[in-house]
Amino acid sequence: MSEQQIKITLAQLNPTVGDVTGNAAKARAAREKAKADGADLVVLSELFVAGYPPEDLVLKPAFQSACRAAIEELARETADGGPAMLIGTPWVEDGKLYNACALLDGGRIAALRFKANLPNYGVFDEKRLFARGPASGPVTVRGVRIGVPICEDIWLEESEDYENVVECLAETGAEILIVPNGSPYARDKADLRLSIVVARVTESGLPLIYLNEMGGQDELIFDGASFALNADLSVAAQLPAFEENITTLTWRKTADGWRCNGPITPQLEGDKADYAACVLGLRDYVRKNGFPGVLLGVSGGIDSALCAAIAVDALGADKVRGVMLPFRYTAQVSLDDAAKLAAALGIRYEILPIADAVNGFETILAPVFKGLARDITEENLQARARGTLLMAISNKTGAMVVTTGNKSEMSVGYATLYGDMNGGFNPIKDIYKTEVFRLSSLRNEWKPDGALGPSGEVIPVNIIIRPPTAELRENQTDQDSLPPYEVLDAILERLVEREEPLATIIEAGFDRDVVTRIDRLLNIAEYKRRQAAPGVKVTRKNFGRDRRYPITNRFRDFGKVLPEPDETLVTRGSRASAEAFEG
């Protein structure tokens, strides 16, 4: 490095939780690329060697030891005179487990920095896993003082529990901030990240590199989209989203500090970003868990059509199998549309009529059901017969069943346990029905870079415009049981994402009876959601990682406007505080 520049390689990569050897190999390959680029430093994301988030796996002593051994081996390799490496790892010191970042250089572990601010909200649960690290000064790489706040160290707002890591780094001489992140994707998250980084750059007067993980881990999607800002808030570099990328940036020291003019990749936004997240989530879940492919029930409806398109884009047509499971209520148009979909996507497609199975169940149950009227029980036998057959094919072939219920259905329980809810993963679990329509139309006009499916119209237009139906009885449509999806989804978004009181939703113009009914359905379907397959998170609050309600729960919001809190009833000094116990 000359006196006036430093080359920093951003390794936006896709680690696998628990694959310590594989993750270390990725880091090693990234360093070789950085070395070829003449870099001084290669940076990897938060807890990279472990994979993020490791959850309770990180508490296993054997796993902690494996991670340390990998870091020590990588450190020894830096004795070759090549670039230094900044890599995230769990680290045990003095009997405490830390979320750490290790600087490896000159054949040794040159420095360690520990995460000070541990997130404990939404999908994060780090306070029960890690000890809180101290705010520390910068590390030195080739004579340049680098501040290393780790993810949440730049996110939290001021509070009594907040350590201002960036302020500490600025005061102790940091020249550039490098932030390793494990920041999951959610709709409009890019704007939030940028606003946080702008605030930290403004406060510190320092340029900042935001290096994020890429890849799917169970329900979480890490979109990468790493970037850097100069001290004047101009964009120094922007890496692509939803793909691995290794980019070397050249930073030059000017009279106003360090500055970079790197590549800027346009970013996906809105529905395109959501679709790309669904593709990445399914791809990584299947590949990282070792499934040879997937299969799904293709009904001729829009949910299964969108899931089939996502599966082909994620894995390729040769790894996707569609199965039509018709009964006497299945319309000819459904059969025709399902066949057209399979042909357009190029997937293997079979028709397995289920009449013998359903009739067999009814014959077996006839003595038990004698004297009882037919009802939804018989309808659910159809769904459960389909679920059983799909799981049998999965057992025999090893292919994973993709389940296809959308967020609207998951919210109100419009799905059958051990029937259409069967499966290993659901790419549209966090996508409302109105969004399913939008994404289906979008896919016919566009597909993400790297998608393995064909271009053009892959979902027959008739599937998109036809009224949705479960086809469990004659002339059935979803709207027989539910309000129009435009109304349903608007209410659900307020109930689930915003957690608005019913009174507020009603005041916004929604019918009281409809709102209270949807709220009731949302509450009583919790037991179903606990048994649902995992699925891609794209909204601010998904079922499973974010929203965890008790199944046994008698609280109900009846839509009444409640009185304001009466502070006159609170005895002065009753709130516990340090002052209350003085003297």
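In case you missed it, the structure is sitting above this.
Residues numbered from 1 in each chain as written. Predicted model: local features only at pLDDT ≥ 70, side-chain atom pairs only at ≥ 80, totals over all residues. Heavy atoms only, no water.

### Looking at helix α5 (residues 270-288)
Part 1 of the argument: In this model α5 runs 27 Å from its N-terminal to its C-terminal C-alpha over 19 residues, within 8% of the 27 Å that 1.5 Å per residue would give.
Part 2 of the argument: Here α5 lies mainly inside the structure; 14 of its 19 residues are buried.
Part 3 of the argument: Positive backbone phi, at 80°, marks G290, one or two positions downstream of α5. (Helix = DSSP H or I, 4+ residues; strand = E, 2+ residues; numbered from the N terminus. Expected span 1.5 Å × (residues − 1). Buried < 20%, exposed > 50% of the residue type's maximum accessible area, 1.4 Å probe, protein only.)

### A short note on empty space enclosed by the protein
Part 1 of the argument: Enumeration according to the criterion identifies three cavities of 30 Å³ or more in this entry.
Part 2 of the argument: A volume near 70 Å³ is recorded for the largest cavity.
Part 3 of the argument: Along its surface, the largest cavity is lined by R113, F114, P134, A135, S136, G137, V148, D153, V165 and L169.
Part 4 of the argument: Among the secondary structure elements, those contributing two or more residues to the lining of the largest cavity are β5 (108-114) and α3 (165-171).
Part 5 of the argument: When the residues that make up the lining of the largest cavity are grouped by side-chain class, the tally is six nonpolar, two polar and two charged. (1 Å grid on protein atoms, 1.4 Å probe; cavity = no way out; pocket = protein on both sides within 12 Å on 5 of 7 lines; lining within 4 Å. Points joined across faces, edges and corners; volume = space filled by probe spheres on them. Nonpolar A, V, L, I, M, F, W, Y, C, P; charged D, E, K, R; others polar.)

### Describing helix α6 (residues 302-315)
Part 1 of the argument: With 14 residues, α6 extends 20 Å from end C-alpha to end C-alpha; this agrees with the ideal 20 Å at 1.5 Å per step.
Part 2 of the argument: Within α6, 14 of the 14 residues are buried, which leaves it mostly tucked inside the rest of the structure.
Part 3 of the argument: G316, located one to two residues past α6, shows a positive phi value of around 95°.

### A short note on the nonpolar core
Part 1 of the argument: Of all hydrophobic cores here, the largest spans 52 residues; its most connected members are F242, L282 and I459.
Part 2 of the argument: Those elements that place two or more of their residues in this core are α5, β16 (294-297), α6, β17 (320-324), α7 (332-345), α11 (433-443) and α12 (461-465).
Part 3 of the argument: Considering every element that reaches this core, the biggest residue donor is α6, with 11 residues.
Part 4 of the argument: When neighbours within four sequence positions are excluded, L282 is seen to be in contact with I310, A311, A314, M400, V402, F425, P427 and V536.
Part 5 of the argument: Core analysis: the second largest hydrophobic core is formed by 40 residues, L47, A70, M85 and F124 among them. (Core = buried A, V, L, I, M, F, W, Y, C linked by side-chain atoms within 4.5 Å. Contact = heavy atoms within 4.5 Å.)

### A few points about the state of the cysteines
Part 1 of the argument: Summed over all chains, the structure comprises zero disulfides.
Part 2 of the argument: C307 takes part in no disulfide bond, and the closest cysteine sulfur to it belongs to C278, at a distance of 8.3 Å. (Disulfide = S-S within 2.5 Å.)

### Quick look at the sheet that holds strand β8 (residues 176-181)
Part 1 of the argument: Taking strand neighbours across the sheet as the criterion, the six strands line up as β6-β7-β8-β9-β12-β13 in an open arrangement whose pairing is mixed. In the strand order of this sheet, the two ends are held by β6 (139-141) and β13 (235-238), each with one partner. In this sheet, neighbouring strand axes are inclined to one another by 25° on average, regardless of whether the strands run parallel or antiparallel.
Part 2 of the argument: When strand β9 (residues 208-212) meets strand β12 (residues 227-229), the two strands line up antiparallel, connected through three bridges. Paired with L208 across the two strands is L229, which belongs to β12.
Part 3 of the argument: Helix α4 (residues 189-204) contacts β8, β9 and β12 of the sheet and is inclined by roughly 30° relative to β12. (Pairing = 2+ DSSP bridges. Axes fitted to C-alpha atoms, helices over the stretch in contact; angles between N-to-C directions.)

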